[in-house]
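A closer look at the structure
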Amino acid sequence: MSKRIANLTFLEASTSVVIYLRNLGIEIPDISGLTVSIPCPLPHQHDNGAQLIIYRNGRVKCTSSDEFLSIWDIAMLAEGLRFPEAVHAVCDVFSISDQIETEDTEGPKTKRL
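Let us look at the structure shown here. (Residues numbered from 1 in each chain as written. Predicted model: local features only at pLDDT ≥ 70, side-chain atom pairs only at ≥ 80, totals over all residues. Heavy atoms only, no water.)

Here's the deal with the overall build of the protein
In terms of helices and strands, the protein carries four helices and six strands. Element order for the protein, N to C, with α for helix and β for strand: α-α-β-β-β-β-α-α-β-β. Expressed as a percentage of the 113 residues in the protein, the buried residues total 33%. Partitioning the contacts of the protein with sequence separation of at least 6, the portion at a separation of at least 24 is 34%. Accessible surface computed for the protein: about 7200 Å², of which carbon and sulfur atoms make up 50%. (Helix = DSSP H or I, 4+ residues; strand = E, 2+ residues; numbered from the N terminus. Buried < 20%, exposed > 50% of the residue type's maximum accessible area, 1.4 Å probe, protein only. Contact = heavy atoms within 4.5 Å. Areas by Shrake-Rupley, 256 points an atom, 1.4 Å probe, with all protein chains shown as cover.)

Next up, the structure:
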């Protein structure tokens with residue numbers, strides 16, 4: 001497995017979601033059981049007591065929208081970012097390069113995701 005793929009796989013783990021949310025200043029207890037539930041820090045149309053449930057397997061669910069969210073979704077919603085900006089923001093938190101190398105007829109190139 002390449003280092004890049006290993007890094008992206010890491011970003012789907014519950015630990016990375018917790019680290020990212022803590023980096024935003026959100027207090028989250030350690031996941032000692034199968035899940036941890038916190039007041040949802042994401043913007044909602046109604047203040048309905050929504051909870052963000054973080055599962056040990058890396059899945060995250062908002063009880064208001066009843067949807068599962070990725071770390072990318074969380075970055076976009078919590079910080080008001082578009083996807084490319086969210087990738088950059090998350091990669092910055094984990095000191096992961098958001099650049100990829102590609103090859104075409106002109107040879108190798110590096111570009112940002």
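Structural notes on the nonpolar core
Formed by 27 residues in total, the largest nonpolar core has its most connected members in Y20, L21, I28, L52 and I74. Mapped by element, the contributors of at least two residues to this core are α2 (14-23), β1 (35-39), β2 (51-55), β3 (60-62), α3 (71-79) and α4 (83-93). Of all the elements, α4 adds the most residues to this core, at five residues. The contact partners of L21, leaving out residues within four places of it in the chain, are I26, I28, P41, L52, I54 and I74. (Core = buried A, V, L, I, M, F, W, Y, C linked by side-chain atoms within 4.5 Å.)

Some remarks on the sheet that holds β2
The four strands lie next to each other as β1-β2-β3-β4, forming an open sheet whose pairing is antiparallel. The sheet terminates laterally at β1 and β4 (67-69), the two strands that pair on one side only. Pairs of neighbouring strands in the sheet enclose a mean axial angle of 25°, with direction left out of account. The pairing of β1 with β2 spans five bridges and is classified as antiparallel. When the sheet's bridge partners are listed, P39 is paired in β2 with Q51. Sitting on the sheet, α3 touches β3 and β4, and the angle it makes with β4 is about 95°. (Pairing = 2+ DSSP bridges. Axes fitted to C-alpha atoms, helices over the stretch in contact; angles between N-to-C directions.)

A closer look at unusual backbone geometry
With a phi angle near 60°, D66 is a residue other than glycine that sits in the positive phi range. Structurally, D66 is set in the loop between β3 and β4.

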